[in-house]
Amino acid sequence: SEKRDIPALLASVKTLPVLTFSSIESFADDGGMIALIRETQMQGAFERTFIRYEVNTASVYSSKLYVDPDALELARKVIR
């Protein structure tokens, strides 16, 4: 419901040390720092749900924050 306000919100905290994350689709692509992605996989008769994440390193570093390189290796997608 807040998706339309995301660009203004991200612009207002762009250079502040504020971690931004959301499960809104394309959040990291649109300038957010971390996007949480829900993935479902079938394993036989069982369904497993995983939470993956994408990281926008340009947004992280412009806020003077740091992401551990190991966390970047585990990310589903890293946007530079």
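The structure under discussion appears in the preceding block.
Just so it is clear, the model here is predicted, and its values are computed rather than measured.

## Focus on a nonpolar patch on the surface
Then, in step 1: A cluster of nonpolar side chains, Leu19, Phe21, Leu36 and Ile51, forms an exposed patch at the surface whose accessible area comes to about 400 Å².
Then, in step 2: Positionally, Leu36 belongs in strand β2 (residues 34–43).

## Topic: the nonpolar core
Then, in step 1: Within the largest apolar cluster, seven residues are counted, these being Ile6, Leu10, Phe27, Ala28, Ala35, Ile37 and Ile79.
Then, in step 2: The set of elements that each furnish at least two residues to this core consists of α1 (6–12) and β2.
Then, in step 3: Aside from chain neighbours lying at most four places away, what touches Phe27 is Ile6, Leu10, Thr20, Phe21, Ser22, Gly32, Met33, Ile34 and Ala35.
Then, in step 4: By size, the runner-up hydrophobic cluster in this structure holds six residues, among which are Val55, Val60, Leu72 and Ala75.

## Examining the sheet that holds strand β4 (residues 77–79)
Then, in step 1: Taking strand neighbours across the sheet as the criterion, the four strands line up as β1-β2-β3-β4 in an open arrangement whose pairing is mixed. The strands lining the two open edges of the sheet, one partner per strand, are β1 (21–22) and β4.

## Re the environment of Ile37
Then, in step 1: Here Ile37 lies in strand β2.
Then, in step 2: For Ile37, a relative accessible area of 17% gives the class buried.
Then, in step 3: On a C-alpha basis, the gap between Ile37 and Tyr53 in space is 5.5 Å, while along the polypeptide they are 16 residues apart.

Conventions we followed
Within each chain, residue numbers correspond to sequence positions counted from 1 in written order. Given that the model is predicted, a residue must reach a pLDDT of at least 70 before its local features are reported, and side-chain atom pairs must reach 80 or more before they are shown or counted; all residues, however, enter totals for whole chains, interfaces and linings. To get the side-chain values, all heavy atoms of the structure are used, and hydrogens and water are removed first. Residues enter a patch when their relative accessible area is above 30% and they make no salt bridge; the linking distance is 9 Å between like charges and 5 Å between nonpolar side chains (Val, Leu, Ile, Met, Phe, Trp, Tyr). Computed with a 1.4 Å probe, the accessible areas rest on the Shrake-Rupley method; for each residue, only the protein chains presented here act as cover. The salt bridge definition used is simple: a Lys or Arg side-chain nitrogen within 4 Å of an Asp or Glu carboxyl oxygen. A run of H or I in DSSP becomes a helix once it reaches four residues, and a run of E becomes a strand once it reaches two; helices and strands are each numbered from the N terminus. For the purposes of this section, nonpolar cores are sets of buried Ala, Val, Leu, Ile, Met, Phe, Trp, Tyr and Cys residues that join through side-chain atoms within 4.5 Å. Only protein chains enter the calculation, and the probe is 1.4 Å; a residue is then buried if its accessible area is under 20% of its type maximum, exposed if over 50%, and partly exposed in between. Contacts are assigned to residue pairs that have any heavy atoms within 4.5 Å of one another. At least two DSSP bridges between two strands are required for those strands to pair.

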